[in-house]
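Examining the three-dimensional arrangement
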Amino acid sequence: MHPTIIAANWKMNKNFQEGLQLAKDIIQFIQTEPLAGAQIILFPSFIHLEAISKLLIPDVKLHLGAQNCHEQIAGAFTGEVSAAMLASVDVRYVLVGHSERRQNFGENNDFIAKKIDAILSCKLQPIFCCGEPLSVRENSRHYAFIEQQLTESLFHLKPDQLQQVIIAYEPIWAIGTGLTPSLTEIEEMQQTIRNILAKQYNTTLADNMVILYGGSCNATNITNFISLPGINGVLIGGASLHFKEFMHILSSL
Ligand code: PGA
């Protein structure tokens, strides 16, 4: 069985000192916690990555992820950061397809597919975010919407490449809003995602995919999400920014 993943997306928050302090507090805390075999992945900003990588302790279940990367490995792309650069500072995961990047930076499914290729080519694991806007769910088109996101961003991958991808189902209307889907709705969506992958690839691969839920997770509701049989962990934004709240989340595992 795959360990439960607790992924913390700090977004564009924390200056260098604040981020380093939060990472130190978390690392100190988890050394004394059993964490029920969970694996924590921090996604701080680029400026924090190298300093936090130096704090990582072997056998402590904490890894580093980046919130973004460019779709090319190197070149004249002023202001960008490549997957190869991330790999050089012990980053293991990269978020891709987050709805904030889709909405604010115009990233579409095809472009996201290219980023996934870049991430995989550097032997990093993409955490591929998918999720529907509220209007799509209200029109009961959410399954078709997710199917299109999966098809256009993932279906070019070979089975062994797809196995490296972690999928985060994050309904857009649940991100930062305090709203969450019902547990039945989350369970139905992860099953739909597995069915779509089973049809394109095979059932074993689909059953073994790691699928996270994200959107307004906090210390109060986390146990509901991680106890769902088809959900392998959570992607947490706002509630991961405060040590006390994050500590409560980790304590409840
Ligand atoms: P949230 O964000 O937990 O603040 O809703 C989740 C995310 O954007 O990944």
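Structure first, text after, so check above.
Please read these numbers as outputs of a predicted model, since none were measured by experiment. (Residues numbered from 1 in each chain as written. Predicted model: local features only at pLDDT ≥ 70, side-chain atom pairs only at ≥ 80, totals over all residues. Heavy atoms only, no water.)

1. Overview of the overall build of the protein chain
The secondary structure content of the protein chain amounts to 12 helices and eight strands. What you see for the protein chain is a C-alpha radius of gyration of 17 Å, in line with the 18 Å of a compact globule of 253 residues. Seen through its C-alpha atoms, the protein chain measures out along the principal axes to roughly 45 × 45 × 35 Å. When burial is assessed residue by residue, the protein chain has 52% of its 253 residues classed as buried. For the protein chain, contacts bridging at least 24 residues in sequence account for 71% of all contacts bridging at least 6. Of the roughly 11500 Å² that the protein chain leaves accessible, carbon and sulfur atoms contribute 51%. Positive and negative charge centroids in the protein chain, built from 17 and 23 side chains respectively, lie 3 Å apart. (Helix = DSSP H or I, 4+ residues; strand = E, 2+ residues; numbered from the N terminus. Rg over C-alpha atoms; globule rule 2.2 N^0.38 Å. Buried < 20%, exposed > 50% of the residue type's maximum accessible area, 1.4 Å probe, protein only. Contact = heavy atoms within 4.5 Å. Areas by Shrake-Rupley, 256 points an atom, 1.4 Å probe, with all protein chains shown as cover. Lys, Arg positive; Asp, Glu negative; His and termini not counted. Charge placed at Lys NZ, Arg CZ, Asp CG, Glu CD.)

2. Describing helix 7 (residues 142-154)
Side chains three or four residues apart in an α-helix point the same way, a direct result of the helix having 3.6 residues per turn. With 13 residues, helix 7 should reach 18 Å at 1.5 Å per residue; the first-to-last C-alpha distance of 18 Å fits that figure. Of the positions making up helix 7, those classed as buried are H142, I146, Q149, L150, S153 and L154. The buried residues of helix 7 all sit within an arc of 95° when viewed along its axis, so they share a single face. (Expected span 1.5 Å × (residues − 1). Arc of directions from axis to C-beta.)

3. Some details on the pattern of salt bridges
Summed over the entire model, instances satisfying the criterion amount to seven salt bridges. Salt bridges sharing common partners tie together R101, E107 and K115. (Salt bridge = Lys/Arg side-chain N within 4 Å of Asp/Glu carboxyl O.)

4. A short note on the packing of helix 5 (residues 109-121) against helix 7
For the pair helix 5 and helix 7, the least separation of the axes is 7 Å and the interaxial angle reads 45°. Between helix 5 and helix 7, the angle falls in the class oblique. The handedness of the crossing between helix 5 and helix 7 comes out as right-handed. Between helix 5 and helix 7, the residues in contact are N109, D110, I112, A113 and I116 and Q148, Q149, E152, S153 and L154, respectively. Grouping the constituent residues of the contact of helix 5 with helix 7 by class yields four nonpolar, four polar and two charged. (Axes fitted to C-alpha atoms, helices over the stretch in contact; angles between N-to-C directions. Parallel < 35°, antiparallel > 145°, perpendicular 65-115°, else oblique. Left-handed = near helix turned anticlockwise from the far one by under 90°. Nonpolar A, V, L, I, M, F, W, Y, C, P; charged D, E, K, R; others polar.)

5. A word on the nonpolar core
Of all hydrophobic cores here, the largest spans 71 residues; its most connected members are I6, L42, F128, L154, I167, I193 and F246. Sorting elements by how many residues they give to this core places helix 1 (residues 16-31) first, with seven residues. When neighbours within four sequence positions are excluded, L42 is seen to be in contact with A8, W10, A23, I26, L62, H63, L64, G65 and F246. Within the second largest apolar cluster, 13 residues are counted, among which are I5, I127, I166 and A168. (Core = buried A, V, L, I, M, F, W, Y, C linked by side-chain atoms within 4.5 Å.)

6. Some points on the pairing of strand 3 (residues 62-66)
Counted residue by residue, strand 3 has five buried out of five residues, so it is predominantly covered. The two faces of strand 3 match: L62, L64 and A66 on one face and H63 and G65 on the other face are all buried. Bridge count for strand 2 (residues 39-43) against strand 3 is three bridges, and the pairing is parallel. Residue L42 lies in a different strand from strand 3, and its bridge partner there is L64. In this fold, strand 2 hands off to helix 2 (residues 46-53), which returns the chain to strand 3; that crossover is right-handed. (Pairing = 2+ DSSP bridges. Right-handed = clockwise from strand over helix to strand, strands pointing away.)

7. Observations concerning the sheet that holds strand 1 (residues 5-9)
Strand order in the closed barrel made by the eight strands is 1-2-3-4-5-6-7-8, with parallel pairing throughout. With direction set aside, neighbouring strand axes in the sheet form an average angle of 25°.

8. Observations concerning the side chain of N109
Its location among the elements puts N109 in helix 5. N109 gets classed as buried once you look at its relative accessible area, which sits at 11%. Those residues in contact with N109 that sit more than four places away from it in its chain are R102, Q148, Q149, E152 and S153.

9. Topic: the packing of aromatic side chains
Inspection of the entire model under this criterion finds three aromatic pairs. When the ring of Y213 is compared with that of F225, the centres are 4.6 Å apart and the planes differ by 40°; the resulting orientation is tilted. Of this pair, Y213 sits in strand 7 (residues 210-214) while F225 sits in helix 11 (residues 222-226), and the two are 12 residues apart along the sequence. Residues Y213 and F225 agree in their burial class; the two are buried. The ring of F105 is capped by R101, whose NZ or CZ atom sits 4.1 Å from the centre of that ring. (Phe/Tyr/Trp six-rings, centres within 6.5 Å; stacked < 30°, edge-to-face > 60°. Lys NZ or Arg CZ within 6 Å of the ring centre and 35° of its normal.)

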